[in-house]
Amino acid sequence: MKTILITGGAGFIGSHVVRRFVKKYPDYKIVNLDNLTYAGNLANLRDVENAPNYEFVKADITAGELMKALFKKYRFDGVIHLAAESHVDRSISSPMEFIFANIVGTVNLLNAARLIWDDFTGKRFYHISTDEVYGSLGATGFFYENTAYDPRSPYSASKASSDHLVRAYNHTYGLPTVISNCSNNYGPFQFPEKLIPLAIYNIKHSKLIPVYGKGENIRDWLYVEDHANAIDLIYHEGKIAETYNIGGHNEWKNIDLIHLLCEIMNRKLKRSAGTSENLITYVKDRAGHDLRYAIDSSKIQKELGWKPSLQFAEGLEKTVEWYLANEEWMKNVTSGDYQKYYDIQYNKR
Ligand code: NAD
Ligand code: TYD
């Protein structure tokens, strides 16, 4: 039986990856390591928590000695590393947390793998990263695997730094690493500080929808299950030392996306046309706000046969339905400091 470490498995994307691996690969033991920050929630994994091939370990990747001890104890065959601080706005207000979790945390895992794995044969360290490391595009063009890094927020700089360290450990120590850089994800279990679930939550509760700047920034959106599918493929078939870009060729201006969401919400909540749109409020722009992200994913499509399965309208509809059907989950994750955090954020704007 192979033992696979998945870090950050209680978060948004990690929970989809854990669920997929636990269900699809009964002959793997999946160890989910997460320290349960505000973004990590074990309720994301209720349907697999009692599976015989699943174990949860509450631990912080910034604890280097503990990571080595866990590598010794579990003798992991592979690592899929997703644990990170992931929200750009929080990285602007608290950059140090991103340096510790995303850079120091990644190096601790790399060191544990390097020092505790006595033989790299058959091993794999897979690092999950973002397209934001490539910087910001103008009106045209795409990010390719060989696009020069140009991170511009503390979040993307911390992820870029961790990507460089992963490549350095491959080059210097021969650690068998692979990296993927994905565009913006959406879908069930995303913490409602990110644009899509935040807008769904606010529309549901008739609160204002904050649109940064003029709403003209563009993101390339991918349904989270399509990302989990790509991660599965890359973990099993991706080439060591390679990078794969993942994206849906699905660019949306924020304001257009919000209008589409408003239409879906009006329909689902049986509110008259224009009701949700009235909540749209332009607020002060995010500092250093990247204009446009767009991924060229032809490498993974050609080499590994991956392609996105869902059209955006369908994925967004499914996402809205999930949030409306999971009020308890929403209540649970937005209890505690959630409201306080938002009041502070928006009072500052
Ligand atoms: P998330 O914030 O929803 O989840 C992150 C998880 O990591 C949480 O469960 C949290 O508790 C855990 N974590 C954070 N710090 C930790 C620490 N010090 N020790 C142990 N666990 C810790 O994030 P997400 O959106 O699911 O993103 C997962 C990964 O995918 C990240 O590495 C992110 O950079 C990357 N990514 C995200 C997107 C996106 O659109 N969300 C796109 C591309 C890449
Ligand atoms: P976000 O979901 O935070 O992802 P990222 O910054 O990693 O791309 O934001 C997506 C886009 O939506 C981004 O251009 C910022 C914008 N945005 C808003 O206009 N209002 C909001 O309340 C949030 C959270 C984001």
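You'll find the structure just up there.
Model, not experiment: these values are computed from the prediction.

Asker: How would you sum up the nonpolar core? Please name residues and give values.
Answerer: Ranked by size, the top nonpolar core spans 65 residues in total, and within it Ile-6, Phe-21, Ile-80 and Ile-196 carry the most contacts. Ignoring anything within four residues of it in the chain, the contact list for Ile-6 reads Val-17, Val-18, Phe-21, Ile-30, Val-31, Asn-32, Leu-33, Ile-80 and Leu-82. By size, the runner-up hydrophobic cluster in this structure holds 24 residues, among which are Val-31, Tyr-74, Val-79 and Leu-110.

Asker: So what's going on with the pairing of strand S4 (residues 78–81)? Which residues, and what values?
Answerer: By the alternation rule, side chains of S4 split into Gly-78 and Ile-80 and Val-79 and His-81, which are all buried. The sheet contact formed by strand S1 (residues 2–7) and S4 spans 4 bridges and is parallel. Bridge pairing links Ile-6 to Ile-80 in S4. Strand direction decides the pairing type here: S4 and strand S5 (residues 124–130), joined by 4 bridges, are parallel. The residue of S5 that forms the bridge with Ile-80 is Tyr-126.

Asker: Give me the lowdown on a nonpolar patch on the surface, citing residues and values where you can.
Answerer: A cluster of nonpolar side chains, Met-96, Phe-100 and Val-104, forms an exposed patch at the surface whose accessible area comes to about 270 Å². You can see Val-104 is positioned in helix H4 (residues 95–116). Exposure remark for Val-104: the relative accessible area of 32% places this residue in the partly exposed category.

Asker: Report on the packing of aromatic side chains, specifying residues and quantitative values.
Answerer: Enumeration over the complete set of coordinates arrives at 21 aromatic pairs. Look at Phe-71 and Trp-117: their rings are 5.9 Å apart centre to centre, the planes differ by 55°, and that puts the pair in the tilted class. Of this pair, Phe-71 sits in helix H2 (residues 64–74) while Trp-117 sits in the loop between H4 and S5, placing them 46 residues apart in sequence. When sorted by exposure, Phe-71 lands in the same class as Trp-117, which is buried. The interplanar angle of 80° and the centroid separation of 6.0 Å between the aromatic rings of Phe-189 and Trp-329 together place this pair among those described as edge-to-face.

Asker: I'd like a description of the site of ligand 1, backed by residues and values.
Answerer: Neighbouring ligand 1 are 28 residues, the closest being Ile-13, Asp-34, Ser-86, Tyr-155 and Lys-159. When isolated, ligand 1 has an accessible area of 840 Å², and the protein chains bury 96% of it. When contributions to the shell around ligand 1 are tallied by element, the ones reaching two or more residues are helix H1 (12–24), S5, helix H5 (154–173) and strand S7 (184–186). With 3 residues, S5 is the single largest residue contributor to the shell around ligand 1. Along the lines of polarity and charge, the residues of the shell around ligand 1 split into 13 nonpolar, 11 polar and 4 charged.

Asker: Describe the pattern of salt bridges, and please don't skip the residues or the numbers.
Answerer: Taken as a whole and assessed by the stated rule, the structure comprises 18 salt bridges. Among the salt bridges present, the one from Asp-232 reaches Lys-24, with a minimum N-O distance of 2.7 Å. Taken together, the positions of Asp-232 in helix H7 (residues 224–237) and Lys-24 in helix H1 put the pair 208 residues apart, joining distant regions of the chain. Given a relative accessible area of 3%, Asp-232 falls into the buried group. The exposure class assigned to Lys-24 is partly exposed, which follows from its relative accessible area of 45%. In this structure, the salt-bridge partner of Glu-321 is Lys-268, at a minimum N-O distance of 2.7 Å.

Asker: For the environment of Ala-139, give the residues involved together with the corresponding values.
Answerer: Relative to the assigned elements, Ala-139 resides in the loop between S5 and H5. Ala-139 gets classed as exposed once you look at its relative accessible area, which sits at 74%. Residues Ala-139 and Arg-292 lie 153 residues apart in sequence; the distance between their C-alpha atoms is 7.3 Å.

Asker: Explain the site of ligand 2 to me, and be specific about the residues and the numbers.
Answerer: What surrounds ligand 2 is a group of 18 residues, the closest being Glu-132, Pro-210, Arg-219, Arg-286 and His-289. At 2.6 Å, a side-chain N or O of Glu-132 approaches an oxygen atom of ligand 2. Between ligand 2 and Asn-254 there is a distance of 2.9 Å, counted from an oxygen atom to a side-chain nitrogen or oxygen. The protein chains hide 98% of the 510 Å² of surface that ligand 2 would expose on its own.

Asker: Any chance you could break down the sheet that holds strand S3 (residues 54–58) for me, citing the residues and the numbers?
Answerer: Strand order in the open sheet formed by 7 strands is S3-S2-S1-S4-S5-S6-S10, with parallel pairing between adjacent strands. In the strand order of this sheet, the two ends are held by S3 and strand S10 (243–246), each with one partner. Neighbour-to-neighbour, the strand axes of this sheet turn through a mean angle of 20°, independent of strand direction. Here S5 runs beside strand S6 (residues 177–182); their pairing, made up of 6 bridges, is parallel.

Asker: Which residues make up the sheet that holds strand S11 (residues 251–253), and what are the values?
Answerer: Strand order in this open sheet of 3 strands is S7-S9-S11, and the pairing throughout is mixed. Two strands lie at the open edges of the sheet, namely S7 and S11, each paired on one side alone. Strand after strand, the sheet turns through a mean of 50° between neighbouring axes, direction not considered. By the bridge criterion, 3 bridges tie S7 to strand S9 (residues 218–223) in an arrangement that is parallel. Across the sheet, residue Tyr-186 finds its bridge partner in S9, namely Tyr-223. Its contacts with the sheet put H7 on S7 and S9, and the angle it makes with S9 is roughly 70°.

How each quantity is defined
- Residues numbered from 1 in each chain as written.
- Chains lettered and ligands numbered in written order.
- Predicted model: local features only at pLDDT ≥ 70, side-chain atom pairs only at ≥ 80, totals over all residues.
- Heavy atoms only, no water.
- Core = buried A, V, L, I, M, F, W, Y, C linked by side-chain atoms within 4.5 Å.
- Buried < 20%, exposed > 50% of the residue type's maximum accessible area, 1.4 Å probe, protein only.
- Contact = heavy atoms within 4.5 Å.
- Helix = DSSP H or I, 4+ residues; strand = E, 2+ residues; numbered from the N terminus.
- Pairing = 2+ DSSP bridges.
- Patch = residues over 30% accessible without salt bridge, like charges linked within 9 Å, V, L, I, M, F, W, Y side chains within 5 Å.
- Areas by Shrake-Rupley, 256 points an atom, 1.4 Å probe, with all protein chains shown as cover.
- Salt bridge = Lys/Arg side-chain N within 4 Å of Asp/Glu carboxyl O.
- Phe/Tyr/Trp six-rings, centres within 6.5 Å; stacked < 30°, edge-to-face > 60°.
- Near = heavy atom within 4 Å.
- Nonpolar A, V, L, I, M, F, W, Y, C, P; charged D, E, K, R; others polar.
- Polar contact = N/O pair within 3.5 Å; in protein donor to acceptor, adjacent residues only side chain to side chain.
- Axes fitted to C-alpha atoms, helices over the stretch in contact; angles between N-to-C directions.

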